[in-house]
Amino acid sequence: MPHHIPWEVKVKPHPGSSQSEIRNEPDWTKRSSHSIGFKNRDGGRTGITHPDHEHEYDHSAISRKAEEKEHAEEIADACRKRSELRQKIDSGELVNFRDLIEHQHSFHLRHPENRSLGWRYVLETTEDWVKNQEPWPANLEKKKREKKVDEGKEPVNVVNSGHDPDEEAWRRKTQGTEPELSLQERTLLESIANEGRYMSHLQQNDGKQQCPQKHNRSSISIDEQDQFTPDNWLPRCPDLIRLTGKHPMNAEPPLTRLLDGGLITPNELHYIRNHGPVPRLLWELHRLDIVNLEGKTRALNMGQLKDDFQDSVINIPVAMACTGNRRKELNLQRKTKGANNGAASVGCAYWKGPLLRNVLINCGIPVPNPSSERLYVNFAGADRPSEGPYETSIPLEYAMDPANDVILAMYMNDLPLPPDHGYPVRLIIPGYIGGRCVKWLRRIWITGHENTSYYHVWDNRVMPSWVLAKDSEAAKVLFHHPSTACYEQNMNSVVIKPGQEEEISSQNVKKGEMYTVKGYAYNGGGHEVQQVEVSVDGGKTWLFATRKFPQYPIRHGNKFWTWLFWHVDIELSELVRSSGITVRCSDVTKNVQPENTKWNLMGMMNNSWYTVKSEIIKSSQDKTPAAVRFRHPTEPGSLTGGWIQPSEEVKLAEAKQDVGIPEKRFTREEIEKHDKGHDCWIVVDNKVYDATSVLRWHPGGKAAILAHAGKCHQETTEQFASIHDDFAYKKLHECILGGVTEKTADFIKQTAKSQTPSTSVESPPNSPLALEQHRWIPVKLLARHQVSPDTRTYTFALPKGKTELGLGTCQHVQLGFHLQDKMLVRPYTPTRPILPSTINAPPTPPASPNTPIAPSKKYRKKKNRKCSLDISDEAHAPPTPSTFDLTIKTYFPTPSQPGGALSNLLDCLPLGEEVELRGPTGDIVYTGHGNFTISSPYSPTSSPRNLHFTHISLVLGGSGITPGYALMARIFLERSTDHTKVRVIDANRTEGDILLKEELDRFQAESKGQIEIMHVLSKPSESWKGRRGYVNREVIRTGLFPPGDKSVAFLCGPPGLIQGVALPALREWGYEEDKNMFGF
């Protein structure tokens, strides 16, 4: 925990949901995701527009030198603008989204070099800071009102003030006939024969080789799991299995994928270990500070580090393992302080950069004299995890030894470092654990003692097995003692094939048929793994395996920084008769892997024998053996397929966690209200907790909790259980409010069955459809056209090779923009294309993608753009580049408030820049001729409902018009065969607020009564001839179709209109939710 912040829990009293609310709660398992006002699977509230909109309704030809000069000027200008912005903020001046985007430069589209694939622009702010934390007059007034409301309320219940009692004390209180050649001889002779020639031809690595791995990541989509975290800008491989929930990112690939990747691990499959958000560092602005013995600092920019030390650059393969590799095997004995790592938290990649030794000497740090005092070189990363800066140190003498190959790496497998792996520069110490190879390196300095930071002292240590807590007196001494620190990686080996749940049919077992058992092995300190042995009889006898190293594995005559793959051929008949397959290895010093695990508090350096067990599967018909199935010790994260079962101690601890629940019960509706940083409830094991006070000190950072705020889903329970020990459960129970209602519990259980896997699958690369339901794709802004003084139509290009958007009528897309803390997300319905699976011609693109932004005043002088809806235009448009349009109202800032977030950012975004797109969202699809399909994401086994209506009523408000517009436009375009009738109430404040009015007027004028639209304005001009005032019961009954078997109502607008007026009025009239009334 952060030592300067006490682990204090405060719970705001809440009476719970009333008996009436509990009694009247719907059966969520029988409802679609279009229940009006409730959160859908995308986190939005169905039928309700975003709070931004609530006030809609009262309720190449340049030389290299010139390029370099221009780039330098760009950097200088960016620094100047950032400084100006900082001065404005420091002086107390209010800044809005337009100020921020105009003062934060984007480099990556014009200068993509030195960056990893899929780099994104991020606005360095949060929506919450701009809208809620700045002292806007509207915020000050709101705080006054809240202060009055809070007066007289019950005081907050402080469950635990100050630092928590000694954890060790708490634990003490709460616990308690042989062939001619034996199998061994045969495999030994085969191994020696195979290896003899191979090993004699292994070559020295001179550090100048190119990486042979060319299958690195090519996709640039972003997983939806990252959208509401500070890592929302990072493309990541969908194959990785997350070990600590959504955030921070700690992941490893499936074990078999690691083998398939080859001896040099592709960047996308290399394990990731992050302690917090990935810092977003720019090549142009990042500096590495190196402090010499006299205290003088030299700041190297990335260009200097790359260009000035070319003579000392090496490129070598290095195996790196997480200290927690195979930790889950220990967690099933007794919970440790770490995550459930499987056996794939390891990888071997080429790392390229200058030798640290040469850089330090160049900066005035000499090679230490062996007779002088011992000095340490310290390293600090630019990340800011919960316990302070990530720092460590190693002896300076070790760093200065040229045979140790300590590198300031700038490339991984010959590509710029991926952000998850330390972009733009990280420390690589071959043969050391990953925890010493500091990422995002920002500072290097020399001291006469080891580093004293939290992560150097309290992490990467192996404690004696009797130490059960960090804060016992013995633990404090041991954590500071050098004997417990992990530096060099220990020796390890693992069986990969046969894989988890792999089966061998008994029909395939023929005499002489062989099976190749495969796996990996590695060691630390550059020591060669000299021998790998496999046993199929529980360790009584051992078979020699054949080793295979990457190309050029040897450095300095005897250093092996790489891992190896091994294999051994075993007769299938022998394999299926065995109870399992065990592997162990030994090194040049004849050290051998230990047989048994040794539990330790941090769950580190587990390297016991690795055993894959087999079990007979009997035929369901005659009960004879049908196949053999293999099971690994564990599966990573929350997966539960391994053969190791939780110990009795773990089961007892889990039983103790199931404490009594207060009598108060909470409905889904009540829980979903508490989804903000200042009011954060979470649901774990059907219990409701107020986690608001935990956000400021949570070791994993507040983003890990906020991703689950106000959500009723099983994912919170699974992620909490996978990464927390019993002491964390104790702190959680201090936050308890009560339990969920029976119907909400059923809803959580039902949705768990339909949850997507922890990895989101990418669409096939040859698919013409652009949209991906669980991943974000970048789309480029091509054009911006003024529709009215505050409304723009934005034209976006689909990614290369994608020819169709892939959206059904009535469905939406999610548009995302990267901010510091999370992705800014808003749902929109495209206004082009109208017909599904139709390719539309783009408007004429701008002359240059870098055309400067036209000021808003200039836009206001342009004439309104008219939209043609001629079907022939749609059908005969050129196929590339494929585009789509969004029509969006801009909520400009005023002296009292900062305005809409995304609408202002889009209005200021330079043409050629990118935003994110995901979809389709929405389970209602209009298929034409009055037919709708309505899917239920909460009941995956049930078929979509097919409903038919002849009369459609729409209640729309402000920007909520667009999903209704798409429906009307399709019916209008197909009106020769689609005779469905539509009546619309469109509520706005003024004439200028009516979106797409010209198109709506055309629908009404040319549809011959098929489409009727009533505009209701609350603050019209004197010349307005339409309906004045507010939508009410009488307006609804006048403007819409009455309820009936063939009549349906759809709603979309601000809460005051939808929940305050339309929903009660339609219910009273006879419309029924989820039967003939839905929210878009």
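Residues numbered from 1 in each chain as written. Predicted model: local features only at pLDDT ≥ 70, side-chain atom pairs only at ≥ 80, totals over all residues. Heavy atoms only, no water.

(A) Spatial organisation of the overall build of the protein chain. Broken down by element type, the protein chain carries 28 helices and 49 strands. Buried positions account for 57% of the 1080 residues belonging to the protein chain. Summed over its atoms, the accessible surface of the protein chain is roughly 45600 Å², and 51% of this surface lies on carbon and sulfur atoms. (Helix = DSSP H or I, 4+ residues; strand = E, 2+ residues; numbered from the N terminus. Buried < 20%, exposed > 50% of the residue type's maximum accessible area, 1.4 Å probe, protein only. Areas by Shrake-Rupley, 256 points an atom, 1.4 Å probe, with all protein chains shown as cover.)

(B) Representation of the packing of helix α25 (residues 961–973) against helix α26 (residues 997–1006) within the structure. Contact geometry of α25 with α26 gives a least axis separation of 11 Å together with a crossing angle of 35 degrees. Seen along the crossing, α25 lies across α26 with a hand that is left-handed. Contact with α25, carried on its side by I961, Y965, M968, A969 and F972, involves E999, L1000, R1002, F1003 and E1006 of α26 and no other residues of that element. Counted by class, the contact of α25 with α26 contains seven nonpolar, no polar and three charged residues. (Axes fitted to C-alpha atoms, helices over the stretch in contact; angles between N-to-C directions. Left-handed = near helix turned anticlockwise from the far one by under 90°. Contact = heavy atoms within 4.5 Å. Nonpolar A, V, L, I, M, F, W, Y, C, P; charged D, E, K, R; others polar.)

(C) Highlighting the nonpolar core. Core analysis: the biggest nonpolar cluster contains 81 residues, and L305, L408 and I444 have the highest contact counts within it. Residues contacting L408, with those up to four places away along its chain left out, are L288, L305, K352, G353, P354, L356, V359, V425, R426, L427, L441 and I444. Residues A521, W563, L572 and V612 belong to the second largest nonpolar core, which totals 50 residues. (Core = buried A, V, L, I, M, F, W, Y, C linked by side-chain atoms within 4.5 Å.)

(D) Quick look at the pairing of strand β29 (residues 625–631). In terms of strand pairing, strand β19 (residues 503–505) meets β29 through three bridges, oriented antiparallel. Counterpart to E503 in the pairing with β29 is R629. Where strand β28 (residues 610–618) lies against β29, six bridges are found, and the strand directions are antiparallel. Looking at the pairing, I616 lines up with V628 of β29. (Pairing = 2+ DSSP bridges.)

(E) Focus on the sheet that holds strand β12 (residues 391–395). Taken in spatial order, the five strands of this open sheet run β8-β7-β17-β11-β12, and their pairing is mixed. In the strand order of this sheet, the two ends are held by β8 (297–301) and β12, each with one partner. The mean angle between the axes of side-by-side strands here comes to 20 degrees, regardless of whether they run parallel or antiparallel. By the bridge criterion, five bridges tie strand β11 (residues 376–381) to β12 in an arrangement that is antiparallel. Bridging across to β12, N378 finds its partner in S393.

(F) Spatial organisation of the sheet that holds strand β14 (residues 411–412). Ordered by their spatial adjacency, four strands build an open sheet running β9-β10-β14-β15, and the pairing between neighbours is antiparallel. Across the chains shown, the open sheet's two edge strands, defined by having one partner strand only, are β9 (313–321) and β15 (415–416). In terms of strand pairing, β9 meets strand β10 (residues 346–354) through nine bridges, oriented antiparallel. Of the residues in β10, the one forming a bridge with M320 is G347.

(G) Broad picture of the pattern of salt bridges. Using the criterion set out here, one finds 52 salt bridges in the structure. A salt bridge links D77 to R80, with the shortest nitrogen-to-oxygen separation between them at 2.4 Å. Residue D77 and its partner R80 are both found in helix α2 (residues 64–90); the two are separated by three residues, about one turn of the helix. On the basis of relative accessibility, which here comes to 23%, the residue D77 falls in the partly exposed class. Judged by relative accessible area, R80 falls into the partly exposed class, the value being 41%. Among the salt bridges present, the one from R236 reaches D420, with a minimum N-O distance of 2.7 Å. Here R236, found in the loop between β3 (222–223) and β4 (241–242), pairs with D420, found in the loop between β15 and β16 (426–428); they are 184 residues apart in sequence, far enough to count as distant. Taking the relative accessible area as the measure of exposure, R236 reaches 3% and is therefore buried. (Salt bridge = Lys/Arg side-chain N within 4 Å of Asp/Glu carboxyl O.)

(H) Spatial organisation of the side chain of T980. Note that T980 resides in the loop between α25 and β45 (981–988). Polar contacts involving the side chain of T980 include one to the side chain of D978, which spans 2.7 Å. Contact partners of T980, with chain neighbours within four places excluded, come to Y926, H929, G930, F949, T950, I952, I971 and Q1010. (Polar contact = N/O pair within 3.5 Å; in protein donor to acceptor, adjacent residues only side chain to side chain.)

(I) A look at unusual backbone geometry. P498 follows K497 through a cis peptide bond whose omega is 15 degrees. Here P498 lies in the loop between β18 (492–497) and β19. Backbone geometry at D414 places phi at a positive 70 degrees, although glycine is not the residue there.

(J) A look at helix α24 (residues 901–908). Within α24, eight of the eight residues are buried, leaving the element largely enclosed by the surrounding structure. For α24, the complete set of buried residues consists of A901, L902, S903, N904, L905, L906, D907 and C908.

(K) Fine view of the environment of D746. Relative to the helices and strands, D746 is located in helix α21 (residues 742–754). The exposure class assigned to D746 is partly exposed, which follows from its relative accessible area of 36%. Each C-alpha atom of the pair D746 and N686 lies 9.8 Å from the other, and the pair is 60 residues apart in sequence.

(L) Structural detail: the packing of aromatic side chains. Counted under the stated rule, the structure contains 26 aromatic pairs. Taken together, a centroid distance of 5.9 Å and an interplanar angle of 25 degrees make the contact between F1050 and F1078 stacked. Note that F1050 is positioned in strand β48 (residues 1047–1052) and F1078 in strand β49 (residues 1077–1079), a separation of 28 residues in sequence. In this structure, F1050 and F1078 share a single accessibility class: buried. Ring pairing ties together the aromatic residues Y926, F932, F949, F1050, F1078 and F1080, which thus form one cluster. We note R280 situated over the ring of W233; from NZ or CZ to the ring centre the distance is 5.4 Å. Note that R584 overlies the ring of W542, its terminal NZ or CZ placed 3.9 Å from the centroid. (Phe/Tyr/Trp six-rings, centres within 6.5 Å; stacked < 30°, edge-to-face > 60°. Lys NZ or Arg CZ within 6 Å of the ring centre and 35° of its normal.)

(M) Just the state of the cysteines, in detail. Counting across every chain of the model gives zero disulfides. The thiol sulfur of C211 is not disulfide-bonded, and the nearest other cysteine sulfur, from C348, lies at 9.3 Å. The exposure class of C211 is buried, given its relative accessible area of 1%. (Disulfide = S-S within 2.5 Å.)

(N) α26, seen in detail. Looking only at α26, the buried set comprises E999, L1000 and F1003. The arc that holds the buried residues of α26, viewed along the axis, is 100 degrees, so those residues lie on one side. Where α26 is buried, its residues contact α25, β45 and β46 (1011–1017). K1008, located one to two residues past α26, shows a positive phi value of around 55 degrees. (Arc of directions from axis to C-beta.)

(O) Examining the side chain of T883 more closely. Here T883 lies in strand β39 (residues 883–889). Residue T883 is classed as buried on the basis of its relative accessible area, which comes to 4%. At 2.7 Å, the side chain of T883 and the side chain of R832 are in polar contact.

(P) Quick look at a negative patch on the surface. On the surface, a cluster of negative charge is made up of E67, E70, E73 and E113. Here E73 lies in helix α2. (Patch = residues over 30% accessible without salt bridge, like charges linked within 9 Å, V, L, I, M, F, W, Y side chains within 5 Å. Lys, Arg positive; Asp, Glu negative; His and termini not counted. Charge placed at Lys NZ, Arg CZ, Asp CG, Glu CD.)

(Q) Focus on the pairing of β39. With seven of seven residues buried, β39 is to be regarded as a mostly interior element. Of the two faces of β39, both are covered, the one formed by T883, D885, T887 and K889 as well as the one formed by F884, L886 and I888. Summarising the sheet, strand β36 (residues 791–797) and β39 pair through seven bridges and their orientation is antiparallel. Counterpart to F796 in the pairing with β39 is F884.

(R) Examining the environment of L911 more closely. Looking at the element boundaries, L911 is found in the loop between α24 and β40 (914–921). Residues L911 and F796, 115 residues apart in the sequence, show an inter-C-alpha distance of 9.8 Å.

(S) The arrangement of the environment of I365 in detail. Following the sequence through the fold, I365 ends up in the loop between α11 (356–362) and β11. With sequence-adjacent residues up to four places away left out, I365 is seen in contact with I290, V291, N292, L360, L396, M400 and I446.

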